[in-house]
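Fold and geometry: a report
Spelled out from the first residue to the last, the chains are:
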Amino acid sequence: MGGKQQPMKPAAGLRCRPTEAGVSRLFHQYCGHDLKCLQSMEGFIALMYRPVDAAALGVARMLFGLMMLIDIPEERGGGDLDFRWGDPKGCTFPLLHGMKRLSYPKMGIVYLIMWLGALGITLGYRFRLTGLMFVTSYWYVFLLDKSAWNNHSYLYGLLGTLFLFTDANRFFSLDAYRNSALQPVVPFWNYFILKYQFFILYFLAGLKKMCPEWLSGYAMTNLGYHWVFTPFRLIIGAKLTDFLIIHWFGCIFDTSVVFFLIYAPTRKIATLFACAFHLMNSQLFYIGMFPWTCLTQLPLYYSFSWPRKLWSNQRSSTDQLSNYCSKKKMQNGKSVEKKSKRERIVVSTIFVYCGLQLLLPYSHFITKGYNNWTNGLYGYSWDMMVHAWDTVLISIKVTDNLRNQTLYLQPYAFVDNDRWTKHADMAYQLAHCIDRNVREEYQANNRKYSNFSIYYDIWCSLNGRFLQRIFNPEENILEAEWSPFKPVVWLLPLLHEFTEMRSMLTALSEDIYSWSNSSDVLFVADFPGLVLHNYIVPDMDNVTLTVLNGSIEYTYSNISDPIVLTRGQSLRDIPPTFHHIKTISQTPSSMVYTYVNKTRQSLPNDGKRSKQVSPNWHALSHRYENYVRFFQHIGNSILFEIYGVPMPRRVRITPDESSWMSE
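What comes next concerns the included structure. (Residues numbered from 1 in each chain as written. Predicted model: local features only at pLDDT ≥ 70, side-chain atom pairs only at ≥ 80, totals over all residues. Heavy atoms only, no water.)

Structural notes on the sheet that holds strand β15 (residues 578-583)
- The strand order across the open sheet built from four strands is β10-β15-β12-β13, with neighbouring strands paired in antiparallel fashion. Of all strands in the sheet, those with a lone pairing partner are β10 (531-535) and β13 (563-565), marking the two edges. Taken over all neighbouring pairs, the strand axes of this sheet differ in orientation by 25° on average, direction set aside.
- Inspection of the sheet shows strand β12 (residues 552-556) paired to β15 by five bridges, in the antiparallel sense. Considered in β15, the bridge of E553 is made with K582. (Pairing = 2+ DSSP bridges. Helix = DSSP H or I, 4+ residues; strand = E, 2+ residues; numbered from the N terminus. Axes fitted to C-alpha atoms, helices over the stretch in contact; angles between N-to-C directions.)

Thoughts on the packing of aromatic side chains
- The final tally for this structure, using the stated rule, is 42 aromatic pairs.
- Here the aromatic rings of F64 and F134 are separated by 6.2 Å at their centres, their planes lie at 90°, and the arrangement is edge-to-face. Of this pair, F64 sits in helix α3 (residues 55-71) while F134 sits in helix α6 (residues 127-144), placing them 70 residues apart in sequence.
- By relative accessible area, F134 is classed as buried at 1%.
- Seen from their ring centres, F192 and Y196 are 6.2 Å apart, and the 25° between their planes marks the pair as stacked. You can see F192 and its partner Y196 sitting in helix α9 (residues 189-209), four residues apart, about one turn around the helix.
- For F192, a relative accessible area of 23% corresponds to the partly exposed category.
- Counting every residue linked through ring pairs, the aromatic cluster contains F44, F188, Y191, F192, Y196, F199, F203, F259, F304 and F351.
- Here the guanidinium or amino end of K209 rests over the ring plane of W214, the centre of that ring lying 5.0 Å away. (Phe/Tyr/Trp six-rings, centres within 6.5 Å; stacked < 30°, edge-to-face > 60°. Buried < 20%, exposed > 50% of the residue type's maximum accessible area, 1.4 Å probe, protein only. Lys NZ or Arg CZ within 6 Å of the ring centre and 35° of its normal.)

Considerations on the pattern of salt bridges
- Summed over all chains, the structure comprises 24 salt bridges.
- The salt bridge involving D175 is made with R178; its shortest N-O contact spans 3.8 Å. Residue D175 and its partner R178 are both found in helix α8 (residues 174-178); the two are separated by three residues, about one turn of the helix.
- Accessibility expressed as a relative area gives 9% for D175, which makes it buried.
- In this structure, the salt-bridge partner of D435 is R439, at a minimum N-O distance of 3.1 Å. Separated by four residues within a single helix, D435 and R439 lie in helix α17 (residues 424-444), roughly one turn from each other. Across the pair, exposure class does not vary: D435 and R439 are buried alike.
- What emerges from the salt-bridge pattern is a single network uniting D80, D82, R629 and R650. (Salt bridge = Lys/Arg side-chain N within 4 Å of Asp/Glu carboxyl O.)

What about helix α13 (residues 290-297)?
- For α13, the tally of buried residues reaches seven of eight residues, placing the bulk of the element in the interior.
- Those residues of α13 that fall on the buried side of the exposure criterion are F290, P291, T293, C294, L295, T296 and Q297.
- The inward-facing, buried residues of α13 abut α3, α7 (151-165), α9 and α12 (264-284). (Contact = heavy atoms within 4.5 Å.)

Digging into the nonpolar core
- With 141 residues, the main nonpolar core has F134, W420 and Y456 as its most contacted residues.
- It is α9 that provides the largest number of residues to this core, a total of 12 residues.
- Among the nonpolar cores identified, the runner-up in size contains 18 residues, and L467, L532, I536 and L545 belong to it. (Core = buried A, V, L, I, M, F, W, Y, C linked by side-chain atoms within 4.5 Å.)

Focus: the state of the cysteines
- Per the stated rule, a full pass over the model turns up one disulfide.
- Through a disulfide, C91 is tied to C433; the S-S separation comes to 2.0 Å. One disulfide, between C91 and C433, carries an S-S torsion of -90° and so falls in the left-handed class. Taken together, the positions of C91 in the loop between α4 (81-85) and α5 (104-123) and C433 in helix α17 put the pair 342 residues apart, joining distant regions of the chain. Per residue, the accessibility class of C91 equals that of C433, and both read buried.
- As a non-bridged cysteine, C31 has C37 as the owner of its nearest cysteine sulfur, 9.4 Å distant.
- Cysteine C211 shares no disulfide, and the gap to the nearest cysteine sulfur, in C251, comes to 8.4 Å.
- For C211, a relative accessible area of 17% corresponds to the buried category. (Disulfide = S-S within 2.5 Å.)

Any functional reading would require information beyond the geometric quantities listed.
As C-alpha cells, this is what we get:
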C-alpha cells in the first residue's frame, strides 16, 4: 500500500487518447495541412497565402466560363428573350419590390454583356473586366425575377463572383499569354473558397434531406422507373429503388462526398460516384448545365498542377512545397512574420463569407415573409428536390367593385410559370402587376376608372399530401399586408393532421389504378366554412365522391337542398357540371374523387406512355436552336438601339388562353 506506485497500463483492447502530435499527424494525413495553421489568425493567414500552382484553377475558370456560355441562351432565357422580357404586360418578380426591368431591346444588350463576360472568363482575356461584366449583368437578371430562381442559378452567381476575386487568369488564359510577367502561382485561398462553396452545396443539401419528407420517400416518387435506374430496378424493384437509391443514397452522398474528395485515398472512388451521380441527374431532370458545372469543378480537389501532368512529367515547383505553415518558425502558435493589412482584410472577408453561407440557408426565422409551406425562397437554402409540388387548380378572380362585376384571369396571361403559386411574396407582386394591367386595359378601352379586388383560389399538393388551398380565397390580395420580416397572415397552414394518411393514400391509389388503365383518383382537403367550386368535365365518367374526414354539404344547380355527407359516405355518378362543396364540420374535411378518364381510355396503348430512352439528341438540337434564336435576339437589339429597327417578337398563345379575361 505504501510502496512506490507503478504506472498504470491500458487494459487490453483499449486505446490511449491520441497525443497532440498524433492528432496533428492525422489531420495532416487527411487534408494535407498543418494543424498549427488553425490555432492562430497568423497561422491561418499563412495557410491561405501559401503559394500554389495556378494550373488547376485556370482550367476550372475556363470550364466554368464555357458552361455559362451554354447556360445563357438556355436557363438564363437568352433563347426566349422575347417571351421572357418582350411582353410589356408581362409580370416579373424582383427580389427588391419596385425594381424595374429595362426595355426589351436593352435587356438584349444586358444579355450580350453577360455573354461577352462569360466568353472573357473562358478565354481568360482581360479577366477582371470581363468577369465584372458577367457578374453584374448576371446578378441583375437574377434579381429581376425570383420565379426563375433555383439552387444552381444562385450557385452560378456565387461562383462567378468568387472567380472574379481570384487570380484564375494566371494559367491557360490569354492574359497569361500576353503578359509573360504573370507568374502561374496563386495564394491557396483561391482554391479554398471555391472548394468551400462546393462543400456548402453538397453538405447542406444533404442536411436538408435529413427530414421525414425525404427519408420517408415522398419527395421524388416514380423516378425508379426511369431508364437510368434499370440495373437497380431489375434487382430490387422500382419502389425500393425510389426509397433506397434515390432518397437514402442521395442523402448519404450529398452529406459525405466532399469528405471523401478531400481524403486522397478515397478521392478517386468518390469522383466516380460523383460523376455517376451528376450524369444520372443530367438525364433525370431538366436542370441545364448544373450537373456539368459540378463535374467540371471536381478536379479542384486534385493536385494543383494536375493539368501540367497531362502533357508533361514535370511537376510544378509550388506543388513540391510542404505545408507552408510548417516551414515558418512558430512562437506560441503565432508566426513571427508580420502579415500585411491587405492579407488580414482578405482573410477576414473569407471568414465573413463562409459564415454568411452557413447562416443564409437557416435564416428563415428572420425572413418570415418568404416562409410558406416550405421556408424561404427556393435557391439559397440548398433544399434541392426535397419538395415536390403538384398544382392542380389556379383561379384568379378580379372583381370590379364599381360595376360589381367579376372576371376570371387566365392563369398564364402575364406569367410563363407557376412558381408564384407557392410563394406569398410573389403572389402579392403578381396581384399588383395584374391591377396595373387591368387598369391600363380599362383606360385603353375608354372605360371608367375603377377600383379592383383580386382573389386567389390555388390548390396544391406537397409531397403526396391532399390537395388543399394555399392562400385564403376570401382575402383581397391588393389590400393584404406583406412584409419580408412578418409571417403571412393570409397564407393557409399545411394540414399536418392529414400528413400521416399519406401511406393510406398511396395504398388506395394503387388499388384504384388497378381497376383499369383509365381509372384515376384525386384527394382533396379543405378548411371549415370554405367552399370548393369544382367542375366535372365531360371526359370524366363514373365520378364518385367519398368523404374520409369531417362533414360536407354538396350542391349544384339542379338540386334545391344540399346533400350532407359525413365520414365514410359516398355520392356516386356526379354529373358533368359545376358543383359546390362546403365544409360544415368544425375540423377540416378530406375527401376522395374516383373517376374514369375517358380521354386516357381512348388512347391506343390504354393510356400508357412510352418513355424516351435517351433524349440527348433532342437536347443538343434544342440547344442549337436556342443559340440561333439568342444571337437573332441580340442582333435585333443592336439594330434597334443603333438604327431604331423594330424588333420582331413571338407571341405565346395556348389554345385556352387566346383571351386573358373571361367572365
